Amino acid sequence: MDRIVDLRSDTVTLPTPAMRQAMFEADLGDDVMGEDPTVNRLEALAAQRLGKEAAVFVPSGTMANLACLLSHCARGDEAIMGDLAHTFLFEAGSSAAVGGIHPRTVPNQPDGTLDLGDVEAAIRDPNNPHYPRTRLICLENTHNRCGGAVLTPAYMAQARAVADGYGLAIHLDGARIFNAAVALGVDASALTRDADSVSFCLSKGLSAPVGSLVCGSAEFVRQARRQRKMLGGGMRQAGVLAAAGIVALETMVERLAEDHTNARRLAEGLARLPGIDLDPARVQTNIVIFALERDDLTPRQLVADLAARGVKVGAIGGQRFRAVTHYGLDAADIDRALEAFQVALAG
Ligand code: TLP
């Protein structure tokens, strides 16, 4: 078989040769003691890129979000989040299980936003002892389950105004914040300005092998660092990983535009195939979500048939699929994937 076109996620990306070299050469120390110079360099770079005072390196996006939620909320506090938020759907219920944090969902709109009227209506009266205390609004940019949709600086400012009206904090799950920044042609810091805390991932489109960062004020990051330790995420000579993260931030951000072009190419090709429901105009970044409108073919069969033809996509429930473009895939790979779809749907 020809090479595999793996569209299941941008988490499948492998480190670049420059990352492997940087990992090999990294200066190291004990990061829990604050003495790993490479981790310290990555944290300073991340904070600067997102316009925050400080940052802390953590093993995963899940831990980054959890450390933030635990830093904002005590047991029994409520966090408002989208019903399609990654923190709600995919993190093993960690905020509730580990932190006793009460998730309050409001519907995600197709563009990844929360209707701020819905948010406001969900905020509790702090003087009523029946209620949990609302502490936090969680937003996600780009929005994974909303097909990589981008939240704008203007939306963030509106959300800030609502949060300020009630003394709430905002956490931004920015796992793919640089995809949003590249898609909008703005500095990532313009998208994070109105958030009190931000998490972002190095190990998705930026192609580093492992790691995420939590960014915020110096005081907030002190709290998050403590939560990281509690969660078992203090990593000692973590500079071997941070070294790849520095290369990711310095060299892999602008490249994300290629993934967006490839996603658009994939979406336009898929939309032309009979039995596929997809509006390519909705594809803003590197995630393509589409549905199969056929009675004679199940999603499971289509996934298996595509895999046999060297193309991997994810079935995400109901009739829907997700395909994610990333480093290591080029336009020819997208065309190969489209051919496989064409044959599988014809068969
Ligand atoms: N998302 C993964 C899977 O968990 C679904 C993927 O393949 O997209 N926030 C967002 C918005 C994410 O998409 C993810 C990972 C995370 C947080 C968690 O990151 P990790 O996987 O590093 O814990």
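Residues numbered from 1 in each chain as written. Predicted model: local features only at pLDDT ≥ 70, side-chain atom pairs only at ≥ 80, totals over all residues. Heavy atoms only, no water.

A. Fine view of the overall build of the chain. Of the regular secondary structure elements, the chain holds 14 helices and 13 strands. Compactness check: the chain gives a C-alpha radius of gyration of 20 Å against a globular reference of 20 Å for 347 residues, within 12% of the reference. Counting only C-alpha atoms and orienting by the principal axes, one finds that the chain spans roughly 60 × 55 × 35 Å. Among the 347 residues that make up the chain, the fraction classed as buried is 56%. Considering only contacts within the chain whose residues lie at least 6 apart along the sequence, 75% involve residues at least 24 apart. When the accessible surface of the chain is split by element, carbon and sulfur atoms take 50% of a total near 14,500 Å². Positive and negative side-chain charges in the chain, numbering 34 and 42 respectively, have mean positions lying 4 Å apart. (Helix = DSSP H or I, 4+ residues; strand = E, 2+ residues; numbered from the N terminus. Rg over C-alpha atoms; globule rule 2.2 N^0.38 Å. Buried < 20%, exposed > 50% of the residue type's maximum accessible area, 1.4 Å probe, protein only. Contact = heavy atoms within 4.5 Å. Areas by Shrake-Rupley, 256 points an atom, 1.4 Å probe, with all protein chains shown as cover. Lys, Arg positive; Asp, Glu negative; His and termini not counted. Charge placed at Lys NZ, Arg CZ, Asp CG, Glu CD.)

B. Region of the structure containing the packing of aromatic side chains. With the rule as written, the count across this model stands at 3 aromatic pairs. Between phenylalanine 178 and phenylalanine 200, the ring centres sit 5.3 Å apart and the planes meet at 85°, which makes this aromatic pair edge-to-face. With phenylalanine 178 in helix 8 (residues 177–184) and phenylalanine 200 in strand 7 (residues 197–201), this pair connects stretches of sequence that are 22 residues apart. On the basis of relative accessibility, which here comes to 6%, the residue phenylalanine 178 falls in the buried class. Exposure remark for phenylalanine 200: the relative accessible area of 1% places this residue in the buried category. Chaining the aromatic ring pairs together yields one cluster made of Phe290, Phe321 and Phe341. (Phe/Tyr/Trp six-rings, centres within 6.5 Å; stacked < 30°, edge-to-face > 60°.)

C. Spotlight on the packing of helix 2 (residues 37–50) against helix 11 (residues 239–251). Closest axis-to-axis distance for the helix 2/helix 11 pair is 8 Å, and the angle between their directions is 30°. Taken together, the axes of helix 2 and helix 11 are roughly parallel relative to one another. The two elements helix 2 and helix 11 meet at a crossing, and its hand is left-handed. Between helix 2, through Thr38, Val39, Arg41, Leu42, Leu45, Ala46 and Arg49, and helix 11, the contact on the second element is made entirely by Gly239, Ala242, Ala243, Gly245, Ile246, Leu249 and Glu250. Of the residues in the contact of helix 2 with helix 11, the class split is 8 nonpolar, 3 polar and 3 charged. (Axes fitted to C-alpha atoms, helices over the stretch in contact; angles between N-to-C directions. Parallel < 35°, antiparallel > 145°, perpendicular 65-115°, else oblique. Left-handed = near helix turned anticlockwise from the far one by under 90°. Nonpolar A, V, L, I, M, F, W, Y, C, P; charged D, E, K, R; others polar.)

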